[in-house]
Amino acid sequence: MGGMMDGSGMGNNFFGGFLSFGLILLILIIAIFFIIRWMMKPNANERNSNDRARGETRSKEVLKNRLASGEITEEEYDRLRKKLDD
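Nothing here was measured: the structure is a model prediction, and the numbers come from that model.

About the cut-offs
- Residues numbered from 1 in each chain as written.
- Predicted model: local features only at pLDDT ≥ 70, side-chain atom pairs only at ≥ 80, totals over all residues.
- Heavy atoms only, no water.
- Helix = DSSP H or I, 4+ residues; strand = E, 2+ residues; numbered from the N terminus.
- Buried < 20%, exposed > 50% of the residue type's maximum accessible area, 1.4 Å probe, protein only.
- Areas by Shrake-Rupley, 256 points an atom, 1.4 Å probe, with all protein chains shown as cover.
- pLDDT = per-residue confidence, 0-100.
- Patch = residues over 30% accessible without salt bridge, like charges linked within 9 Å, V, L, I, M, F, W, Y side chains within 5 Å.
- Salt bridge = Lys/Arg side-chain N within 4 Å of Asp/Glu carboxyl O.
- Phe/Tyr/Trp six-rings, centres within 6.5 Å; stacked < 30°, edge-to-face > 60°.

Pulling in residues and values, what's your account of the overall build of the chain?
Looking only at helices and strands, one finds four helices and zero strands in the chain. Secondary structure of the chain in N-to-C order comes out as α-α-α-α. The proportion of buried residues among the 86 residues of the chain is 3%. On the chain, roughly 7,900 Å² of surface is accessible, and the fraction owed to carbon and sulfur atoms is 63%.

Before we move on, could you go through the confidence of the model for the chain and cite the residues and values that matter?
Mean pLDDT over the chain works out to 77, with 64% of the residues at or above the 70 mark. Mean pLDDT across the elements of the chain ranges from a minimum in helix H1 (residues 2–5), with 50, to a maximum in helix H4 (residues 74–85), with 89.

I'd like to hear about a nonpolar patch on the surface, residue by residue, with values.
A cluster of nonpolar side chains, namely Phe21, Leu25, Leu28, Ile29, Ile32, Ile36 and Met40, defines an oily patch on the protein surface of about 720 Å² accessible area. Here isoleucine 29 is to be found in helix H2 (residues 10–40).

I'd love a proper account of the packing of aromatic side chains, names of residues and values included.
Under the criterion given, the structure shown has one aromatic pair. Between the aromatic rings of phenylalanine 33 and phenylalanine 34, the centroid separation amounts to 5.3 Å while the plane-to-plane angle is 75°, which identifies the pairing as edge-to-face.

The structure is reproduced here in C-alpha cells:
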C-alpha cells in the first residue's frame, strides 16, 4: 500500500508513457514530412532535361543579343544557331 501512495507509482508511468508516445508521434510526423518532400521533387533525369532546355534558351537569347548589338554577322548567327540546334 505504501508503494502506491509515495507518488512514484501511476503518475510517473502515465507521464513517461505520454512523453514516449509524443516522441514517437513527433518522429512519425517528421518522417512523413520528409517522405512527402522526397516524393514531390523531380528526379535527376527531369532536372537535367529542364536545365538543358533552360541553358539552350539562354544561349539562343545571348546569340540574338549579340546579333542585335552588331557583335556578330547574320552568317555567324545562322552558323552558331545551327550548332545549338544540333
